[in-house]
Amino acid sequence: MIAYFVHNLDSYSGAAQQALLLAKNMKRNILFFNHNNKTYKKNQYNDLIEIVDLPENKFLQLFIILFFSIRYKIKIYHFHGSFNIGMFLGIILKKKMILKTTLLGDDDFDTLASKRSWNIRYFLIKHIYKNIVLSRKLKEINSKYIESSKIELIPNGVLLAENCPTLQEKENAFCFVGLVCERKKTYESIKYFIDNYSQDEKTSKMYVVGPHKNIQNNHEFSNEYVNSCFELIKNNNLENRVIFTDRVSKEETQNIFKKCKALLFFSDKEGLPNVVLEAMANNCVPITSEMHGVIREIFEDKKQGYIFDDKFEKIDISLIDEIIENKVTYLHVSDRFGIDVVSQKYRGIYDK
């Protein structure tokens, strides 16, 4: 059995949801240790996947992880982010440890090295078997601290739409997907829609998909920021055409991608943005920021989508329609980022 360590599997965590998608495609027994600062709970997700919610108390976390590691004879610890207790236990129990670096500016080794606990973290990192990174930028950073032979570049995977949505199936709609917060630049996405598409097309609308209220234990969330987004919409009299869905199911998110022509996503930094891959997998054209170069490792500017540096120029709707008509984004992502392609790479590491 393999153990996956994740944060907030039951909330809007892209890294945790990516881990779950990977697990569902591995066809192996996988136990999730979910760090969500709640009480202990164990659930059977399906025939192969179990989920253990860990309590906030660190001592109890250690005891629970130890108990299940022995009971299930777990051989591999796969960390989707940084987990000190699990990594300490992995060293003691001599587990093969795989550490995935999920977000530039958060758990890359340069960022971890700037924190006071670096000496402890570095001790733990030196004992890992493999470090999985999502981009060449992350590999360049992390290779300053460990041997490059330990680092594997494996992108996130995406579940492809069974039938590529056609232009005729698309509405005159755009979307933002993710937590409504300053890092993900939700305000800028809404403003881009208002400035470029709301006046030209009176029937156009925008979906803002993701949590924006009653968010717990997330330092990125700000009520003031959310209010500024609503104020922007109100000042432009677009309350009926900019639709906040709040948190919705994975299936509903996919349905929104299927009917939208473009994703407007100008996040400041990401590991490898799952929402961009999911949009492309539903033939929804990405219009994005550069994200420190990460986005250029997904698609080519003006070919499968559009990448902005500082200047956010308008992309004519006819250009977006042409990409959709030719299924360019869908075909590109299916060849490189399909979950079947990505999971096969992980199988190779686990088998070794």
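Up top is the structure these notes are about.
Residues numbered from 1 in each chain as written. Predicted model: local features only at pLDDT ≥ 70, side-chain atom pairs only at ≥ 80, totals over all residues. Heavy atoms only, no water.

Asks: What am I meant to see in the nonpolar core here?
Replies: One recurring pattern in soluble globular proteins: nonpolar side chains tend to sit buried together. Membership of the largest hydrophobic core comes to 91 residues, with the highest contact counts inside it found for Phe33, Ile190, Leu263 and Ile287. Considering each element in turn, this core owes the most residues, six residues, to helix H10 (residues 274-281). Membership of the second largest hydrophobic core comes to 22 residues, among which are Tyr4, Ala16, Leu20 and Ile154. (Core = buried A, V, L, I, M, F, W, Y, C linked by side-chain atoms within 4.5 Å. Buried < 20%, exposed > 50% of the residue type's maximum accessible area, 1.4 Å probe, protein only. Helix = DSSP H or I, 4+ residues; strand = E, 2+ residues; numbered from the N terminus.)

Asks: Whenever I open this one, the layout of surface pockets confuses me. Can you help?
Replies: One way to see where empty space is left: roll a probe the size of a water molecule over the atoms. In this structure, the second largest pocket occupies an estimated 150 Å³ of space. Every residue along the wall of the second largest pocket is listed here: Lys185, Glu188, Phe266, Ser267, Asp268, Ser289, Glu290, Met291, His292, Phe308, Asp309 and Phe312. Class assignment for the residues of the lining of the second largest pocket results in four nonpolar, three polar and five charged. (1 Å grid on protein atoms, 1.4 Å probe; cavity = no way out; pocket = protein on both sides within 12 Å on 5 of 7 lines; lining within 4 Å. Points joined across faces, edges and corners; volume = space filled by probe spheres on them. Nonpolar A, V, L, I, M, F, W, Y, C, P; charged D, E, K, R; others polar.)

Asks: Sorry if this is basic, but what is going on with helix H9 (residues 250-259) here?
Replies: Residues that lie three or four places apart on an α-helix share one face, since the helix turns once every 3.6 residues. Residues of H9 that are buried: Thr253, Gln254, Ile256 and Phe257. Buried residues of H9, seen end-on, are gathered within an arc of 155 degrees and therefore sit on one face of the element. Structurally, H9 contributes buried residues whose contacts are with strand E9 (173-177), strand E10 (205-209), strand E11 (242-246), strand E12 (262-265) and H10. (Arc of directions from axis to C-beta. Contact = heavy atoms within 4.5 Å.)

Asks: Can you walk me through the packing of H10 against helix H12 (residues 328-336) in this structure?
Replies: Think of two packed helices as two axes; the pair is described by the angle between the axes and how far apart they sit. Here H10 crosses H12 at 120 degrees, and the two axes come no closer than 7 Å. When the interaxial angle is binned, H10 and H12 end up oblique. Taking contact as the criterion, the partners of Leu277, Met280 and Ala281 in H10 are, on H12, Thr329, Tyr330, His332 and Val333. Partitioning the contact of H10 with H12 into residue classes produces five nonpolar, two polar and no charged. (Axes fitted to C-alpha atoms, helices over the stretch in contact; angles between N-to-C directions. Parallel < 35°, antiparallel > 145°, perpendicular 65-115°, else oblique.)

Asks: Can you help me understand the environment of Phe5 in this one?
Replies: Here Phe5 shows up in strand E1 (residues 2-7). A relative accessible area of 0% places Phe5 in the buried class. Between the C-alpha atom of Phe5 and that of Ile317, which follows or precedes it by 312 residues, the distance is 42 Å. Excluding anything up to four places from it in sequence, Phe5 contacts Phe33, His35, Ile65, Tyr77, His78, Phe79, His80, Phe83 and Gly86.

Asks: It is not clear to me how the pattern of salt bridges should be interpreted in this structure. Could you clarify?
Replies: If the charged atoms of two oppositely charged side chains come close together, the side chains can form a pair. For the coordinates displayed, the defined rule picks out 16 salt bridges. Measuring nitrogen to oxygen at the nearest pair gives 2.9 Å for the salt bridge that ties Glu270 to Lys184. Of this pair, Glu270 sits in the loop between E12 and H10 while Lys184 sits in the loop between E9 and helix H7 (186-198), and the two are 86 residues apart along the sequence. As far as burial versus exposure is concerned, Glu270 and Lys184 are alike and both buried. One continuous salt-bridge network, built from bridges that share partners, spans Arg183, Lys184, Glu220 and Glu270. (Salt bridge = Lys/Arg side-chain N within 4 Å of Asp/Glu carboxyl O.)

Asks: Would you explain the packing of H9 against H10 in this entry?
Replies: Packing of H9 against H10 leaves a shortest axis separation of 9 Å and a crossing angle of 60 degrees. The orientation of H9 with respect to H10, classified from their angle, is oblique. The interaxial crossing formed by H9 with H10 has right-handed handedness. Between H9 and H10, the residues in contact are Lys250, Gln254 and Phe257 and Val275, Glu278 and Ala279, respectively. (Left-handed = near helix turned anticlockwise from the far one by under 90°.)

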